[in-house]
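Each chain, written out:
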Amino acid sequence: FHLPHTMTPRDLVVLLASFCLSCDAFRLPAAGLRLPAGAAASSASSSSCCRMMFGGAGGKPDGEGGMGGFMEQMKAAKDMFNPENMKKYAALGQKIQALQEELGQTEVEVATNEGAILVKITAMQVPLDVKVSDEMVAKGAEAVSAEVAAAMKQAHAKSGAYMQQRMAELYKELGIAEPPKQ
């Protein structure tokens, strides 16, 4: 689905909202239907209730077949395409790109066992370097493997925390609510 070049996202939201508000125009009549000769009686009895083409149940509250939840989603979509919010989202995109470049250049360093293992990764969690001291090598392969794994986990956690902190600062600076944590 593509929007015509003359229609903005805000126009689309307004169009959808007005369409949904006019759902009564799409009601199928419950009474007064003439069935063709020979139509089953069960069909006639099943048409005794009003049905709506696009969901809903004729004024029932949300959760009982009503449109309450859908209309709240439409309002949220309208707010999302608000010109002020669109400017914020554009600024956020530019700042996120700059932050990603900064995080790619930022080094996070972790040392374990009094410097026996030194691990460097970027704040974007790209491994850069691992150094193992001679004393650690003398302890054997299993000890080195365990220490390197521990150092990598610590570096990963430290860089992830740094990245989250910087993102939170960015969202706060722009006055945008942070997305939910996963």
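Model, not experiment: these values are computed from the prediction.

S.K.: Pulling in residues and values, what's your account of the overall build of the protein?
M.R.: If you tally the helices and strands in the protein, you get six helices and five strands. Burial status across the protein gives 19% buried among its 182 residues. Summed over all atoms, the accessible surface of the protein reaches about 12,900 Å², with 57% contributed by carbon and sulfur.

S.K.: Break down helix H4 (residues 83-105) for me, with residues and values.
M.R.: Given 3.6 residues per helical turn, the α-helix brings residues three or four places apart onto the same face. Between the first and last C-alpha of H4 there are 34 Å, a value that for 23 residues agrees with the 33 Å anticipated at 1.5 Å per step. Those residues of H4 lying buried are Leu92, Ile96, Leu99 and Leu103. In this structure, the buried side of H4 is in contact with strand E4 (117-122) and helix H6 (141-174).

S.K.: Can you tell me about the side chain of Thr112, naming the residues and giving the values?
M.R.: Structurally, Thr112 can be placed in strand E3 (residues 107-112). Taking the relative accessible area as the measure of exposure, Thr112 reaches 7% and is therefore buried. In contact with Thr112, not counting residues within four places along its chain, are Ile117, Glu147, Ala151 and Gln154.

S.K.: Give a description of the pairing of E4 that names residues and reports values.
M.R.: Taken across its six residues, E4 has five buried, putting it largely inside the fold. One ladder, built from six bridges, connects E3 with E4; its direction is antiparallel. Opposite Glu109, over in E4, you have Lys120 as the bridge partner. Linkage of E3 to E4, two consecutive antiparallel strands, is achieved through a turn of four residues, within which Asn113 is found at a positive phi near 50°. Relative to strand E5 (residues 127-132), E4 runs antiparallel, the two being bridged by five bridges. Each residue of the ladder has a partner; that of Leu118, found in E5, is Lys131.

S.K.: Help me get a handle on the confidence of the model for the protein, residues and values and all.
M.R.: Residues at a pLDDT of 70 or more form 62% of the protein, whose mean pLDDT is 74. Contacts for the low-pLDDT stretch residues 39-55, under 50 throughout, to residues beyond four places or in other chains number 24 contacts.

S.K.: Which residues make up the sheet that holds E3, and what are the values?
M.R.: The strand order E3-E4-E5 describes an open sheet built from three strands, whose pairing is antiparallel. Of all the strands in the sheet, the pair left with one neighbour each is E3 and E5. Pairwise comparison of adjacent strand axes, ignoring direction, gives a mean angle of 10° for this sheet. Lying on the sheet, H6 is in contact with E3, E4 and E5; it crosses E3 at an angle near 145°.

S.K.: Explain H6 residue by residue, including any values.
M.R.: For H6, with 34 residues, the first-to-last C-alpha span of 49 Å sits near the 50 Å given by 1.5 Å per residue. Restricting attention to buried positions, one finds in H6 the residues Val144, Ala151, Ala155, Ser159, Gly160, Leu170, Tyr171 and Leu174. For H6, the elements touching its buried residues are H4, E3, E4, E5 and helix H5 (134-138). A positive backbone phi angle near 70° is found at Gly175, which sits one or two residues after H6.

S.K.: Pulling in residues and values, what's your account of a nonpolar patch on the surface?
M.R.: Residues Met80, Met86 and Tyr89 make up a contiguous nonpolar surface patch of about 270 Å² in total accessible area. With respect to the element layout, Met86 can be found in helix H4.

S.K.: Any chance you could break down the environment of Tyr171 for me, citing the residues and the numbers?
M.R.: For Tyr171, the position within the fold is in helix H6. Judged by relative accessible area, Tyr171 falls into the buried class, the value being 11%. C-alpha of Tyr171 to C-alpha of Ile96: the two residues are 75 residues apart in sequence and 9.6 Å apart in space. Sequence-distant contacts of Tyr171, defined by excluding residues within four places in its chain, comprise Leu92, Ile176, Ala177, Glu178 and Pro179.

Conventions we followed
- Residues numbered from 1 in each chain as written.
- Predicted model: local features only at pLDDT ≥ 70, side-chain atom pairs only at ≥ 80, totals over all residues.
- Heavy atoms only, no water.
- Helix = DSSP H or I, 4+ residues; strand = E, 2+ residues; numbered from the N terminus.
- Buried < 20%, exposed > 50% of the residue type's maximum accessible area, 1.4 Å probe, protein only.
- Areas by Shrake-Rupley, 256 points an atom, 1.4 Å probe, with all protein chains shown as cover.
- Expected span 1.5 Å × (residues − 1).
- Contact = heavy atoms within 4.5 Å.
- Pairing = 2+ DSSP bridges.
- pLDDT = per-residue confidence, 0-100.
- Axes fitted to C-alpha atoms, helices over the stretch in contact; angles between N-to-C directions.
- Patch = residues over 30% accessible without salt bridge, like charges linked within 9 Å, V, L, I, M, F, W, Y side chains within 5 Å.
- Salt bridge = Lys/Arg side-chain N within 4 Å of Asp/Glu carboxyl O.

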